Amino acid sequence: MEDSYRGDKFDSKIVQNKPIIYIDNHMFRPDVMIQGFVGDDKVPILCTTILNEQSLDLESEDVLSVKNEVITELSQFGKYGLLFYYGELKENIDKACLAKNIYADQDIVKYVNFNNDNEHLNIYKGDPYKKYFVKDISYKNQNELRFIFLSNRTDKFTPLITKENDHYILQIPKLLFYHKFDITEGKALKIKTLSNANE
């Protein structure tokens, strides 16, 4: 990341609308309640954008390009993008985590309307880390696949990012297949479908 832009102020939080709260037998009903746990902002997150039907336009029969709204969203995070194969990245992350004895969890981000009742609260049940994979619908153009990195997958949570730091570096093996591109020229990035990939 080329700047300190974080994006979603509710990242790693559970957002609840108009909850009923009792404190010393007094009922309160705030408009919004944000829940988290100590150290939840010290969990390293790797955010990627999935190139699929939600993020690509069909330019011609065999050629795809990144949607304008996706380019606009991604340009907030820096000047350059890196196109890579998911399988290779996942394999390299798994190798690095095994060597460091840490745990990586991944999922496709679910985009929900935080202003629409509290239906999204069911997503979090039974897993305190699910909140890293839920964002408000206003961020849907990020179309994310995320990885989070944990010291372990138990209730005994120890953050990988120390109090003194705001980042964690996981050295993975070098990617063999990738393409760096200028995000502002993302629309010019043409992706050929497999039927036409050899031309």
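Residues numbered from 1 in each chain as written. Predicted model: local features only at pLDDT ≥ 70, side-chain atom pairs only at ≥ 80, totals over all residues. Heavy atoms only, no water.

Novice: Tell me about the sheet that holds strand S6 (residues 56-60), and name the residues and values.
Specialist: Think of a sheet as strands paired side by side through backbone hydrogen bonds, with each pair either parallel or antiparallel. In spatial order, the strands read S6-S7-S14; together these three strands make up an open sheet with antiparallel pairing. The open sheet terminates on both sides in strands that have one partner only, identified here as S6 and strand S14 (190-192). Here the strands of the sheet are splayed against their neighbours by 40 degrees on average, with no regard to which way each runs. (Pairing = 2+ DSSP bridges. Helix = DSSP H or I, 4+ residues; strand = E, 2+ residues; numbered from the N terminus. Axes fitted to C-alpha atoms, helices over the stretch in contact; angles between N-to-C directions.)

Novice: Give me the lowdown on the sheet that holds strand S5 (residues 45-49), citing residues and values where you can.
Specialist: Spatial strand order, S5-S12-S9: three strands in an open sheet with antiparallel pairing. Bordering the open sheet on either side are S5 and strand S9 (103-108), each of which pairs with just one other strand. Strand-to-strand twist in this sheet, taken as the mean axis angle between neighbours without regard to direction, amounts to 15 degrees. Across five bridges, S5 lies against strand S12 (residues 144-150) in antiparallel orientation. Bridging across to S12, Thr 49 finds its partner in Glu 144. Where helix H2 (residues 86-100) meets the sheet, it contacts S5, S9 and S12, and its direction lies at approximately 5 degrees from that of S12. (Contact = heavy atoms within 4.5 Å.)

Novice: Explain the confidence of the model for the protein residue by residue, including any values.
Specialist: On average, residues of the protein score 84 in pLDDT, and 90% of them are at 70 or above. Of all secondary-structure elements in the protein, the lowest mean pLDDT belongs to S14, at 76, while H2 reaches the highest, 96. Per-residue pLDDT stays below 50 along residues 1-5; that stretch engages in eight contacts with residues further than four places along the chain or on separate chains. (pLDDT = per-residue confidence, 0-100.)

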